[in-house]
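Residue-level structural notes
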Amino acid sequence: MTAEVGILNANGVVLAADSALTMGNSEQMKIFNSGNKIFSLGPSHSVAMMMFGNVQFMGIPWEIIVTGFHQKIGARPLDSVWDYCTEFFNYLESVDEIYSSIYTEVLIIGYAENVCNILENTTYIPSPGTFTLADYQKAVEDKIPALLKESEKMKSITKKAPIKVFADRYGEKLDEVFKELFDTVFLGLNLYDKFKSDLYKLVRNYVYSDSYYPDTYSGLVIAGFGFDELFPSIYQYDISGVVDRVIKKRLTVRQIVLNDFAEDRCSSAIVPFAQQDMVHTVINGIAPDLEADLGELLRATLEKLISELTEKKLLNESDAPEINKLKATLIESGLNAFDNMKQERHLTPVLMTIDSMPKEELALIAETLVNITSFKGKISFAMETVGGPIDVLLITKGDGPVWVKRKNYFNPDINRLR
């Protein structure tokens, strides 16, 4: 994981990122605190890119890809940040090295491992008494067809490969992934043999889906000013890999500073990426997980109230349908009232302050938000996946990209030309 923040108003946009790079998995993990995640396109372009998640794309480090893009577009600035997004993906499609059969296989295996995690975490109701493996297996048997049916409804980024072709290409590797799960967790290859073809189809559908992304995707942020733009903007994409020579990507964040506000337009914005919980806590006044618990607590409290009133004969069981409707209405109105309170007391005042904040202060706020996320890791039992020096890049219309803070892998005193 990592912690990154983008803050923008009419004065400019600032990007801040920690330096932690996490490699491996939950069983074997290595963390380096020297990673570069923000890349300026140089003084002639008032645009920068920021990465999180997977540090490579189809086996190629993102830093190399961004450097190649910088060389491709040259010194002439593009008209808008959207043009930079378009040209970047045009360039990425032209890089022959991304069309790698080896890393396509790695991509497929990653999707299969995601399916394994979903199946392994299947919930079930055990039989009265002690745990039985049959209960767990039965729950998994019911879950696989349900997942497959749901995946068939997903929109595809391109025409799906026939399942026979997909199985011929990747079946052997998929068997290795799934057999290990069914051998060690579900304790029975017969169950796997029964659902093998369904699992092949499920992985294929997820790979081609425009909405399903595995945990190993990359996040790409493109932010700044185009040559013809008076105000800044931020775009963020999730990028999974290459499927049949099509780059699997989706636009997840679009914030554009304009005087004429609409759904994706604003006067200012704070946009967290990757590990976001502490940023949301600061700007909303409540931790996201605690807010979710609050909704569950409200539901449980009303259900307990109804149950006790019914038990004491203060409510008739025949009134249950009307009572359930009233309960749903109360929960909805209560949560809406809480949202309005959160907006009025926390989010709106924060954004009103950001609206007119000088560019120097924007940089300080962004760095502080990343620091808070890092500090939270130090006082919790979770792995410290946010840390190291914080890089801060400020982009304004007049000065272009300016590093407020930046770590170097070299000594600038003996590398004067840099």
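Preceding this section is the structure that the text describes.
Presented here is a report on the structure given in the accompanying data block. Numbers given for residues are sequential positions, taken from 1 along each chain in its written order. The predicted nature of this model means local features are confined to residues of pLDDT at least 70 and side-chain atom pairs, given and counted, to a pLDDT of 80 or more, with totals for whole chains, interfaces and linings taken over all residues. With hydrogens and water excluded, all non-hydrogen atoms of the structure serve as input to the side-chain values.

Here we take up the overall build of the protein chain. When helices and strands are counted, the protein chain shows 10 helices and 15 strands. The principal-axis extents of the C-alpha atoms in the protein chain amount to approximately 75 × 60 × 40 Å. Each residue's exposure class comes from its accessible area (1.4 Å probe, protein chains only) as a fraction of the maximum for that residue type: buried when under 20%, exposed when over 50%, partly exposed otherwise. Taking all 418 residues of the protein chain together, the buried fraction comes to 42%. For this analysis, residues touch if any pair of their heavy atoms sits within 4.5 Å. For the protein chain, restricting intrachain contacts to residue pairs at least 6 apart in sequence, the fraction spanning at least 24 positions comes to 67%. Methods summary: accessible areas were calculated by the Shrake-Rupley approach with a probe of 1.4 Å, and residue burial reflects only the protein chains presented. Looking at the protein chain as shown, the accessible area adds up to about 22800 Å², and 54% of this sits on carbon and sulfur atoms. Within the protein chain, the 57 negative side-chain charges are centred at a point lying 3 Å from the centre of the 42 positive side-chain charges. Secondary structure is summarised from DSSP: a helix means a run of H or I of at least four residues, a strand means a run of E of at least two, and numbering begins at the N terminus for each. Charge assignment: positive for Lys and Arg, negative for Asp and Glu; neither His nor the chain ends contribute. To locate a charge, take atom NZ for lysine, CZ for arginine, CG for aspartate or CD for glutamate.

In this section: the sheet that holds strand β9 (residues 218–224). Strand pairing requires that DSSP identify at least two bridges connecting the strands. Spatial strand order, β5-β6-β9-β10-β11-β12: six strands in an open sheet with mixed pairing. The two strands at the open ends of the sheet, each matched to only one other strand, are β5 (38–40) and β12 (265–266). The pairing of β5 with strand β6 (residues 47–53) spans three bridges and is antiparallel. For I38, the partnering residue across the bridge sits in β6 and is M50. Helix axes are fitted only over the stretch in contact, all axes being lines through C-alpha atoms; the angle between N-to-C directions runs from 0 to 180 degrees. Sheet strands touched by helix α2 (residues 81–94): β6, β9, β10 (233–243) and β11 (246–257). Its angle to β10, the strand with the most contacts, is close to 15 degrees.

The next point concerns a nonpolar patch on the surface. To count toward a patch, a residue needs a relative accessible area over 30% and no salt bridge; like charges are then connected within 9 Å, while nonpolar side chains (Val, Leu, Ile, Met, Phe, Trp, Tyr) are connected within 5 Å. Whenever a carboxyl oxygen of Asp or Glu lies within 4 Å of a side-chain nitrogen of Lys or Arg, that contact is scored as a salt bridge. Residues I102, Y103 and V106 make up a contiguous nonpolar surface patch of about 290 Å² in total accessible area. Positionally, V106 belongs in helix α3 (residues 101–120). V106 sits in the partly exposed class, given a relative accessible area of 46%.

Moving on, we come to the pairing of β10. For β10, the tally of buried residues reaches 11 of 11 residues, placing the bulk of the element in the interior. Strand direction decides the pairing type here: β9 and β10, joined by seven bridges, are antiparallel. Looking at the pairing, I222 lines up with Y235 of β10. Sheet topology places β10 next to β11; 10 bridges connect them, and they run antiparallel. Within β11, the position partnered with Y237 by the bridge is L251. Two successive antiparallel strands, β10 and β11, enclose a turn made up of two residues, where D244 displays a positive phi of approximately 50 degrees.

A word on the nonpolar core. Among buried residues, the Ala, Val, Leu, Ile, Met, Phe, Trp, Tyr and Cys ones that are joined through side-chain atoms within 4.5 Å form a nonpolar core. Counting 35 residues, the largest nonpolar core has L119, L174, F178, F182, L199 and V203 as the members making the most contacts within it. Of all the secondary structure elements, the ones that give two or more residues to this core are α3, α4 (133–152), α5 (163–184) and α6 (189–208). Judged by nonpolar contacts, the second largest core, of 31 residues, contains I60, F88, L220 and I239.

Moving on to the packing of helix α7 (residues 277–284) against helix α10 (residues 359–378). One can describe the packing of α7 onto α10 by two numbers: an axis separation of 8 Å at closest approach and a directional angle of 120 degrees. Classified by chirality, the crossing of α10 by α7 is right-handed. Within the contact between the two elements, α7 uses M278, V279 and V282 and α10 uses L369, I372, T373 and K376. Charged means Asp, Glu, Lys or Arg here, nonpolar means Ala, Val, Leu, Ile, Met, Phe, Trp, Tyr, Cys or Pro, and polar covers whatever is left, Gly included. When grouped by side-chain class, the residues that make up the contact of α7 with α10 number five nonpolar, one polar and one charged. Helix crossings are classified by the rotation of the near helix relative to the far one: an anticlockwise turn of less than a right angle makes the crossing left-handed, while a clockwise turn makes it right-handed.

For the rest of this paragraph, the subject is the layout of surface pockets. In this analysis, the protein atoms alone were mapped onto a 1 Å grid. Cavities are point sets where a 1.4 Å probe fits without being able to get out; pockets are open sets with protein on both sides within 12 Å along at least five of seven lines; lining residues have an atom within 4 Å of a point. Grid points are joined across faces, edges and corners, and a volume is the space filled by probe spheres set on the points. Here the second largest pocket is characterised by a volume of approximately 720 Å³. As for the second largest pocket, its lining consists of 24 residues, and the residues nearest its centre are N36, F39, E63, R406 and Y409. Mapped by element, the contributors of at least two residues to the lining of the second largest pocket are β5 and α1 (62–73). The residue inventory of the lining of the second largest pocket, partitioned by class, reads nine nonpolar, nine polar and six charged.

Pairs may arise between side chains of opposite charge once their charged atoms sit close together. For the coordinates displayed, the defined rule picks out 15 salt bridges. For K359, the salt bridge is made with E360, and the minimal N-O distance between the two is 3.9 Å. Several salt bridges converge on common partners, so that one network encompasses E291, D339 and K342.

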